[in-house]
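Chain by chain, the residues run as shown.
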Amino acid sequence: MTQMITALAEISPAYDAVLCDLWGCLHNGMAPFPAAVAALQQFRRNGGKVVLLTNAPRPSRFVIDGLDRMGVPRDAWDLVVSSGDAAQDAMFSGAVGRRVWHLGPPKDEGFFTAVPPEWAAAPLIERVPLAEAEAIVCTGPFEELTEVPEDYRARLLFAKARGLPMLCANPDLVVDMGSARIYCAGALAALYEEMGGTALYFGKPHPPIYDLAMRRLEALGGVAEARVLAIGDGIGTDVAGAAGEGLDVLFITSGLAAAEFGPDPENPDPELLDRWLAGQMQAPGYAAARLR
């Protein structure tokens, strides 16, 4: 049975580190949630380490720039680890070849240009038209505010017929930007797989991003996995990923699935929550309306 709590402080003494999701937990894509910021600051003041673990398809340096612009204070976290970081490692290692078609918005340019120091000597990745590509690197729709996955069916069918693999830099299907729900790279990858194409994933819930986060956490002094708590609002990403890694998890109910738990996001109905979680075949140890 999932235990409902009202604040991170109720369970934080049992943990030395948290892996905290961004969208829906720390911010809404436009502004931070003050109570969430305060909760992470307090966790760090008590000696804990905070890793912001995000499925953003950009390298973490660009995620940090965005957090700074949004007004998330740097004393609320120790590390940022992104799906973009893990997917970059795969791309520069040659996992899908060297000639790729980039499916994604201009803001994700840094995925290709910000080469990590450890890959500085690797052969270059060349972005080419789809007809010349060995693979697709997908960071999202070209126009994320207006386009839907079906807009890409013809191009994906062409890619599938050529046998191109897709490197998906963000497994999320959707995120909420303020009051708008937008499609992510994961929705495009899901359509591609539905059509018979092959997609490779490196963010939550898949192991590479957790492996990278734990390696970077180890560089800060290390934490026993039994004392690491994952926090997130994505049942198929944050919760499923934590379960796969054997980590405890705090599920935030006011995020993507808020409408499933009654009319008041601040007071989720426990019976509706239990029933929905059973249907999702997930059993997070804890749940809270918000991170606070």
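In this text, all values refer to a predicted model and were calculated from it rather than measured experimentally.

**A look at the overall build of the protein chain**
Part 1 of the argument: Counting secondary structure elements, the protein chain contains nine helices and 14 strands.
Part 2 of the argument: In terms of overall size, the protein chain behaves like a compact globule, its C-alpha atoms giving a radius of gyration of 19 Å where 292 residues would be expected to give roughly 19 Å.
Part 3 of the argument: Counting only residues that meet the buried cut, the protein chain has 53% of its 292 residues in that class.
Part 4 of the argument: Put simply, of all contacts in the protein chain between residues at least 6 apart along the chain, 74% involve residues at least 24 apart.
Part 5 of the argument: Roughly 12,500 Å² of accessible area belongs to the protein chain as shown, and the carbon and sulfur atoms make up 54% of that amount.
Part 6 of the argument: When the 23 positive and 37 negative side-chain charges of the protein chain are each reduced to one mean point, those points stand 4 Å apart.

**Some points on the sheet that holds strand 1 (residues 3-4)**
Hydrogen bonds between backbone groups are what pair the strands of a sheet, and the pairing can be parallel or antiparallel.
Part 1 of the argument: Within the open sheet, the seven strands sit side by side as 1-14-13-12-2-3-4. Their pairing is parallel. Where the open sheet ends on each side, the last strands, each with one partner, are strand 1 and strand 4 (79-82).
Part 2 of the argument: In this sheet, strand 14 (residues 286-288) lies alongside strand 1 in parallel orientation, the contact comprising two bridges. Across the sheet, Gln 3 pairs through a bridge with Tyr 286, a residue of strand 14.
Part 3 of the argument: Along the sheet face, helix 3 (residues 83-92) touches strand 3 (49-54) and strand 4 and points at about 55° away from the line of strand 4.

**Re the side chain of Thr 54**
Part 1 of the argument: Within the secondary structure, Thr 54 sits in strand 3.
Part 2 of the argument: Assessed through its relative accessible area of 2%, Thr 54 is described here as buried.
Part 3 of the argument: Of the polar contacts made by the side chain of Thr 54, one reaches the backbone nitrogen of Ala 56; its length is 3.0 Å.
Part 4 of the argument: Those residues in contact with Thr 54, other than ones at most four positions away along the chain, are Asp 21, Leu 22, Val 63, Val 80, Val 81, Ser 82, Ser 83, Lys 204 and Ile 209.

**Let's talk about the pattern of salt bridges**
Part 1 of the argument: Summed over all chains, the structure comprises 16 salt bridges.
Part 2 of the argument: Notably, a salt bridge pairs Asp 68 with Arg 74, separated by 2.6 Å at the nearest N-O pair.
Part 3 of the argument: The class of Asp 68 is partly exposed, set by a relative accessible area of 32%.
Part 4 of the argument: Glu 266 serves as the salt-bridge partner of Arg 292, at 3.1 Å between the closest nitrogen and oxygen. A residue pair is termed long-range when its members are at least 10 positions apart, and Arg 292 in the segment after strand 14 and Glu 266 in the loop between strand 13 (248-252) and helix 9 (270-280) qualify at 26 residues.
Part 5 of the argument: The class of Arg 292 is partly exposed, set by a relative accessible area of 35%.

Basis of the calculations
Residues numbered from 1 in each chain as written. Predicted model: local features only at pLDDT ≥ 70, side-chain atom pairs only at ≥ 80, totals over all residues. Heavy atoms only, no water. Helix = DSSP H or I, 4+ residues; strand = E, 2+ residues; numbered from the N terminus. Rg over C-alpha atoms; globule rule 2.2 N^0.38 Å. Buried < 20%, exposed > 50% of the residue type's maximum accessible area, 1.4 Å probe, protein only. Contact = heavy atoms within 4.5 Å. Areas by Shrake-Rupley, 256 points an atom, 1.4 Å probe, with all protein chains shown as cover. Lys, Arg positive; Asp, Glu negative; His and termini not counted. Charge placed at Lys NZ, Arg CZ, Asp CG, Glu CD. Pairing = 2+ DSSP bridges. Axes fitted to C-alpha atoms, helices over the stretch in contact; angles between N-to-C directions. Polar contact = N/O pair within 3.5 Å; in protein donor to acceptor, adjacent residues only side chain to side chain. Salt bridge = Lys/Arg side-chain N within 4 Å of Asp/Glu carboxyl O.

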